[in-house]
Amino acid sequence: MSVKTITKKSGLRGEITIPGDKSISHRSIMLGSIALGTTEITNFLEGADCMSTIGCFRRMGVEIERKADCVLVHGKGMRGLSAPNNTLSVGNSGTTTRLLSGILAGQNFTSVMSGDASLNSRPMGRIIAPLRDMGADITSINGDSCAPLKISPGTLRGISYRSPVASAQVKSAILLAGLYAEGDTHVTEPALSRNHTELMLQSFGVDVATAFHADGSAAAEVHPCLELYGQQIYVPGDISSAAYFIAAGALVPGSELLIKNAGTNTTRAGFLKVCEAMGADLTLMSESNTGGEPRSDILVRTSTLKGTVIEGTLIPSLIDEIPMLAVMAACAEGTTVIRDAAELKVKETNRIDTITAGLKAMGADVTPTDDGMIIHGKGAPRKDNTPLRGAEIQSFLDHRIAMSFAVAGLTASGETRIIDSQCVDVSYPGFFETLKRLYSA
Ligand code: S3P
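Participant: Looking at this model, I keep getting lost on the sheet that holds strand 23 (residues 392-394). Mind explaining?
Facilitator: Two modes of strand pairing occur in sheets, parallel and antiparallel, and in both the strands are linked by backbone hydrogen bonds. With mixed pairing, 3 strands are arranged side by side in an open sheet as 1-24-23. In this open sheet, the two strands that pair with only one neighbour each are strand 1 (3-7) and strand 23. When strand polarity is set aside, the average angle formed by the axes of neighbouring strands in this sheet is 25°. Together, strand 1, strand 23 and strand 24 (415-419) form the strand contacts of helix 11 (residues 399-409), whose direction differs from that of strand 24 by roughly 170°.

Right, here's the structure in full:
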């Protein structure tokens, strides 16, 4: 177990280059592995989750080289993966498990995926049901709709699936299986979730279409394909990782931070919209775009935040940033209501519970609800106002809880101790070192 101690700071200054996007990094390994030829990935995120994806594909015979400035995936083609000689270890990674299920459903060998205690208790029924509709032979080994999952060869056919949840992992599992199916595959979701799979499939030459409906729902359609061909992929910085530093810059008095290279895909940029609604002082600069994925530098200066309502179709575009937004809400003027976010319960932890526990330990006024929470903010951290008090924060091995409460600790009285802080390696190895650089400069 490692513990990080954080104390109150002022005047954060400096530039941070955000590490690669976790979702896009996973997808680059997956599509590179089932493509023919070599895929060169620049700015790949070497976090534990993405290393789980690399480990799985290596076990299926894919050569993946980690060079100084890129990762090379020597793809095997759509049907060139080989049967793994052991269980595929997916660690803490829901993205690995769910997306890989779609690919494994199309293979001519049997495989088993299993992860850590958190992963093996997360719901997999949401992918098992549609993949079975497509003809996949996929079972939960313990019969509890969770991993370990066993996937055996099946003959896939395209389906039209109406997903009850806005989940990119569900959508992607179905679209990836759709590559191997007979006929077209459609997925409709109640609100548009992150679209990195669709964008990257397009870059690999796959025929994918997306459509939006007046009621806010979104549909994606994929045509089966014979082969994908290796590509060059540039992974933008992860907006979910940038969020901690945007929040730190906004909350810690007298700060000015330049956050470089953050991905700003609109299906992920809900955090920026909410920051704006809360009155954060953000300037987007040097905008560019590679492979359909936009990115930007973001200048953030301290400001006084105000409460807001976070709900509806915005939720999927900021679902991973809610722990950070909840801390910001506790340090804002007025009330913040977060609703329509029941998905928080099935993340690496039940984040309605783990956010509430952390905020309460720090003296915030938070009431959990069935699909979110209500937070009465105690005003902006200033010389004469310290809205939070330092506390021992259990991360419950949830990387986003650890990082969000580390930022909270920068504004709090006394010491904040983050328990099991090593879990940040899941998405942001080096997080604490980067944070420290900003206040020890
Ligand atoms: C992800 C999708 C989201 C997100 C997760 C990564 C992805 O999950 O919370 O961290 O890479 O597709 P859901 O699809 O379950 O909402």
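Participant: I tried to follow the site of the ligand on my own but got confused; where do I start?
Facilitator: Taken together, K22, S23, R27, T95, S167, A168, Q169, R194, I319, D320 and K347 make up the full set of residues adjacent to the ligand. In the model, an oxygen atom of the ligand is placed 2.9 Å from a nitrogen or oxygen of the A168 main chain. With respect to the ligand, the backbone of Q169 contributes an N or O atom lying 2.8 Å from an oxygen atom. Within the residue set of the shell around the ligand, elements represented by two or more residues are helix 1 (22-33) and helix 5 (168-178).

Participant: Mind showing me how you'd approach the state of the cysteines here?
Facilitator: Each disulfide consists of a covalent bond between the sulfur atoms of two cysteine residues. On inspection of all chains with the given rule, the structure shows 0 disulfides. Summary of cysteine pairing: C146 is not part of a disulfide, and the nearest cysteine sulfur, belonging to C56, is at 18 Å. Note on C146: relative accessible area 10%, which makes it buried.

Procedures and definitions
- Residues numbered from 1 in each chain as written.
- Predicted model: local features only at pLDDT ≥ 70, side-chain atom pairs only at ≥ 80, totals over all residues.
- Heavy atoms only, no water.
- Pairing = 2+ DSSP bridges.
- Helix = DSSP H or I, 4+ residues; strand = E, 2+ residues; numbered from the N terminus.
- Axes fitted to C-alpha atoms, helices over the stretch in contact; angles between N-to-C directions.
- Contact = heavy atoms within 4.5 Å.
- Near = heavy atom within 4 Å.
- Polar contact = N/O pair within 3.5 Å; in protein donor to acceptor, adjacent residues only side chain to side chain.
- Disulfide = S-S within 2.5 Å.
- Buried < 20%, exposed > 50% of the residue type's maximum accessible area, 1.4 Å probe, protein only.

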